[in-house]
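So you can see what is in the structure, the chains are spelled out below.
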Amino acid sequence: MKAEGSGKNEPVPAKHAEAKPAAAAAPAPKPAPPEPVLNRRHGKLLTETRYWPTEIWRNPWSLPRYRAGALWLAGIVLGIAAIGAGVGELAAWGEKLLALLGRSGLPPVAVAWVWVLVKLTCVIGVIVANGLWAVWWERKISAHIQSRMGPMYAGGFHGWAQTIFDTIKLLLKEDVTPAAADQVMHLLAPIVAIAPCVMAFAPVLFGDELAAARIDVGVLYVFAFASISVIGVVMAGWASGNKYSLLGGLRAAAQIVSYELPRGFSVVPVIMFAGSLDLAVIGQAQAGYWLGFFPRWFVFYPVVGQLAFLFFLIASVAETNRTPFDIPEAESELVAGFHTEFSGMKWSLFFLMEYGYVLLASFLLAVFFLGGGAAPLPHPAFIPAWLSIPSWIWMTSKAMLMMFVFLWFRWTFPRLRVDQLMDFNWKFLLPWSFANIGLAGVLIYLHLQGWGLR
Amino acid sequence: MSTDEMIVTGPGLEMDTMFVNLGPQHPSTHGVLRLGLTLAGEVITKAFPDIGYLHRGTEKLMEARSYAQCVVLTDRWDYCSAMTNNLAFCLAAEKLMAVPVPPRAQALRVVMCELNRIASHLIFLGTYGIDIGAFTPFLYAFREREMILDLYEALCGARLTYNYIRLGGVAADVDADWTSKCREFLEFFKPRIDEYDTLLSFNPIFLARTKEVGLVSKEAAVDWGLSGPNLRGSGVSYDVRKSEPYCGYEAYDFNVPVGAHGSCWDRYFCRVQEMRQSVRLVEQALAKLPTGELMAKGVPKIPKPPAGEAYAHVEASRGDLGIYLVSDGGVAPYRLHVRAPCFINLAILQEILVGKKVADVIAVLGSFDIVLGEVDR
């Protein structure tokens, strides 16, 4: 084979196909059998009728769709900035609304209650809208990470209405309670899980001063309420009457309780820098720029800031039960963990909770480390002040950026084993977050000695 | 202190074991395998693989089929790598009939088998990633596998059960379009392997899950009769393509990658490196594709090999696939036996799972890359 083949590199397909009937040495001149050809469709090789990702890999910018997509993206970013500049600060609109309520002739008590209801509606609206948005976004991002398209049909533009239809489907689904389940607990579990999530949003800043409630100990309040949800998760696992669910629920409890500690301790340096537990004060403490252009965000404080940011990010990922820490829902081991036996709206409440906590963690990351509502660059002098982008746009953009990081993690990393997960927490994350507090003390001492950061 | 030592025994301190069924319906048993696990706490004290859920009796069926019809049935053993099954049977039958295979057919057999090895290892890579919790490599691997299947479909019309390698040669020829498409795929694929390495192979979490897990020593691997990447992962350099070359493998330049410790990761990485070697092999075979006949002369439509027996084995994607063929001179084989690598690789599970934690079962099971179609036949 080697001797014959070495001289002739070009495959000659058509020739020896004709040689075959001759070799068979048929006596009569039968009509020649059709020449054997490769499978073709419309004269093309089948491989050419299918999508092969070779071209887009070689030079993506050569594809018009790719260039159009970049233009769309730029347009969307500019559009959001324009809407922001047009609307202005949302907190100011809130003040106007409150003033309007005050002039409506209602007694002050009623005004206060109506105002609370308005704010509650807004927060719940944010959480629900976030559920719709985050599911769609997660599906799109996972699709693009995995070189797929994701939802493309519902609603027309890139499947934007997909989650709306999904929600309608979930609302219409039969609510199944397994025979082995504890009926009352099974009903209560999603409620116990979602309620603290809504309450934890009370002091969360959506802009410089845009929050449902200004609480002096906001940081403590958020962490305290966020950790109540685990009771709902354990209830769900226990009440389902399913071994896998129970295992998932207990794993979730162990994991969430463990990761509470480094999550809390990693924020201590931030609290030390800002000198307050109030989220608004923490946000405002990061206003201003070093050398006139470099933002004074806590994440840019040397070593301490980056470490605290990383620890908080990792602990937040673990808190929200997402990959690489999604042990409670480990699909290849536990089917779906604690929500295996839930369907319809009960199930979607758990999902609303998960995405609610992702959003909460994203906003907290933005407030604690990324300067809150502060712009990354000072407002240029040549642009008039009324064109400035309001703080709620910056805050939301930073939160969305962090949310993207969450999704990015999920579709990149494998999953840790249970014991590795606990080892990582107790033997690495927790000691180092303690050490980080010490480092923050050193930094503050140096600052007081006149090596100041400010 | 290990968990085993912590099991306290004594009067009044009796510890109960728990029996857990893993499969046949479970997200990560790779087909219809049932694993019966006896647990003491988190530790496995006894494990047995229970097979037979996919038994279709192909060995018996073949005794009532002509030799040409048998090739069709071989596709159904290891359906992820049907070309090598075709080849193993055809080699055995050609040995019986003493038919020389033309060089072009030999080279095409090498191309197709190596492409199929890549496709098969891609399935392993993707599903193993899912077992460990990484979803994205699965879609990457299937994207590339899809291209190989497109090439196969253009070649022989089938995407899974090819029936392409026939007695005395191959069924269809390739043309310049096909070879250029194949080269395009190879050029695309080579950097993708590096991408898998950065995404999965050297991911710290993946390493932590697999590097120290499921160790199989050299001796144990040989004793249990492992073959293929599972054997080479334990450091034994045995490859049928090198030790008993067929289809002219002796003329190609390729290496046999071996692992160091026999861990899950070694078995995994052996396969990743084998994909690189397969790409080299396909490139070499395409570069010196000889011209000439596709089918050997003198193979009748219904062959009746002289009475006798023959054994032929090939390096299939999952190990040493052997066919023992006995003919009594009739139209159908008198007896056919398959040395199925997956079946033999599966047996070691009952030894190495003992003493492992439950969480490692999925990682160990996945790393042996079994296909139940071949285990049960």
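Residues numbered from 1 in each chain as written. Chains lettered and ligands numbered in written order. Predicted model: local features only at pLDDT ≥ 70, side-chain atom pairs only at ≥ 80, totals over all residues.

Undergrad: Honestly, the overall build of chain B in this entry has me stumped. Any pointers?
TA: Helix and strand counts for chain B come out as 15 helices and eight strands. Relative to the compact-globule value of 21 Å for 377 residues, chain B shows a C-alpha radius of gyration of 22 Å, a close match. Each principal axis of the C-alpha distribution contributes one length, and for chain B these read about 80 × 50 × 35 Å. Here chain B, with 377 residues, has 53% of them falling under the buried criterion. Within chain B, counting contacts between residues at least 6 apart in sequence, those at least 24 apart form 70% of the total. (Helix = DSSP H or I, 4+ residues; strand = E, 2+ residues; numbered from the N terminus. Rg over C-alpha atoms; globule rule 2.2 N^0.38 Å. Buried ≥ 20, exposed ≤ 12 C-beta atoms within 10 Å, placed from the backbone. Contact = placed C-beta atoms within 7 Å.)

Undergrad: Can you help me understand the overall build of chain A in this one?
TA: If you tally the helices and strands in chain A, you get 18 helices and four strands. Expressed as a percentage of its 454 residues, the buried residues of chain A come to 37%. When contacts within chain A are restricted to residue pairs at least 6 apart in sequence, those whose partners lie at least 24 apart make up 75%.

Undergrad: What's the story with the sheet that holds strand β1 (residues 18–22) of chain B in this structure? I'm lost.
TA: Within a sheet, each strand pairs with its neighbour through backbone hydrogen bonds, oriented either parallel or antiparallel. All names here are of chain B. Strand order across the open sheet formed by three strands is β1-β2-β3, with antiparallel pairing between neighbours. Edge strands, defined here as strands with exactly one partner in the open sheet, are β1 and β3 (43–50). Adjacent strand axes in the sheet meet at a mean angle of 20° when their direction is disregarded. The sheet contact formed by β1 and strand β2 (residues 34–40) spans five bridges and is antiparallel. Opposite L22, over in β2, you have L35 as the bridge partner. (Pairing = 2+ DSSP bridges. Axes fitted to C-alpha atoms, helices over the stretch in contact; angles between N-to-C directions.)

Undergrad: Looking at this structure, how should I read the pairing of strand β6 (residues 308–316) of chain B?
TA: Remark: a regular strand shows side chains that alternate across the two faces of the sheet. All names here are of chain B. Relative to strand β7 (residues 319–327), β6 runs antiparallel, the two sharing nine bridges. Across the sheet, residue A310 finds its bridge partner in β7, namely L325. What sits between β6 and β7 in their antiparallel hairpin is a turn of two residues.

Undergrad: Whenever I open this one, helix α4 (residues 103–132) of chain B confuses me. Can you help?
TA: Since the α-helix turns once every 3.6 residues, residues separated by three or four places project in the same direction. Residue and element names in this part refer to chain B. The end-to-end C-alpha distance of α4 is 43 Å, a good match for the 44 Å that 30 residues give at a rise of 1.5 Å each. For α4, a buried count of 27 out of 30 residues is recorded, marking the element as mostly surrounded by other parts of the structure. Of the residues flanking the end of α4, it is G133, one or two places downstream, whose phi is positive at about 110°. (Expected span 1.5 Å × (residues − 1).)

Undergrad: Even after reading the chapter, I still don't get the sheet that holds β7 of chain B, so can you show me in this structure?
TA: All names here are of chain B. Judged by pairing direction, the sheet is antiparallel, and its three strands sit side by side in the order β6-β7-β8 without closing on themselves. Each edge of the sheet is formed by a strand with only one pairing partner; in this case those strands are β6 and β8 (335–339). If you compare each strand with its neighbour and ignore which way they point, the axes differ by 10° on average. In this structure, β7 lies alongside β8, joined through five bridges in antiparallel fashion. Each residue of the ladder has a partner; that of V326, found in β8, is R335.

Undergrad: Explanation requested: the environment of E374 of chain B in the structure shown.
TA: Residue and element names in this part refer to chain B. If you trace the backbone, E374 turns up in helix α15 (residues 372–376). Residues E374 and Y79, spaced 295 residues apart in sequence, show a C-alpha to C-alpha distance of 7.9 Å. Setting aside chain neighbours within four positions, we find E374 in contact with W77, D78, A340, C342 and F343.

Undergrad: What is the right way to read the nonpolar core from this model?
TA: Inside soluble globular proteins, nonpolar side chains tend to come together where they are buried. Core analysis: the largest hydrophobic core is formed by 205 residues, its most contacted members being L205, L360 and F368 of chain A together with A88 of chain B. Here this core gets 17 residues from one element, more than from any other, and that element is helix α16 (residues 344–368) of chain A. Ignoring anything within four residues of it in the chain, the contact list for A88 of chain B reads A312, H313, V314, A316, L321 and I323 of chain B. (Core = buried A, V, L, I, M, F, W, Y, C linked by C-beta atoms within 7 Å.)

Undergrad: What is the right way to look at the confidence of the model for chain B in this model?
TA: Predicted coordinates in regions of low pLDDT should not be interpreted in detail. Residues and elements named next belong to chain B. Residues at a pLDDT of 70 or more form 94% of chain B, whose mean pLDDT is 85. This stretch, residues 1–6, has a pLDDT under 50; its non-local contacts, to residues over four places away or in other chains, come to six contacts. Scored by ipTM, the complex comes to 0.78, with pTM at 0.82. (pLDDT = per-residue confidence, 0-100.)

Undergrad: Could you clarify how one ought to interpret helix α5 (residues 136–156) of chain B in this entry?
TA: Over its 21 residues, α5 of chain B runs 30 Å from end to end, which matches the ideal 30 Å to within 8%, given 1.5 Å per residue. Of the residues trailing α5 of chain B, G157 of chain B is marked for its positive phi of about 85°.

Undergrad: Sorry if this is basic, but what is going on with the packing of helix α9 (residues 183–200) of chain A against helix α11 (residues 229–239) of chain A here?
TA: Residues and elements named next belong to chain A. Contact geometry for α9 and α11: axes closest at 7 Å, N-to-C directions at 160°. With respect to α11, the axis of α9 lies roughly antiparallel. Crossing of α9 over α11 shows left-handed handedness. Touching M185, H186, L188, A189, P190, V192, A193, P196 and C197 of α9 are S229, I231, G232, V233, M235, A236, W238 and A239, all from α11. (Parallel < 35°, antiparallel > 145°, perpendicular 65-115°, else oblique. Left-handed = near helix turned anticlockwise from the far one by under 90°.)

Undergrad: I keep staring at the environment of L429 of chain A and nothing clicks. Help me out?
TA: Residue and element names in this part refer to chain A. Tracing the chain through its elements places L429 in helix α18 (residues 418–451). Its 23 C-beta neighbours within 10 Å are what place L429 among the buried residues. Along the backbone, L429 and R263 are 166 residues apart, and their C-alpha atoms lie at a distance of 9.1 Å. Not counting residues up to four positions away in its chain, the partners in contact with L429 are P262, F311, I314, A315 and F424.

Undergrad: Looking at this model, I keep getting lost on the pairing of β2 of chain B. Mind explaining?
TA: Relative to β3 of chain B, β2 of chain B runs antiparallel, the two being bridged by seven bridges. For T38 of chain B, the partnering residue across the bridge sits in β3 of chain B and is K46 of chain B.

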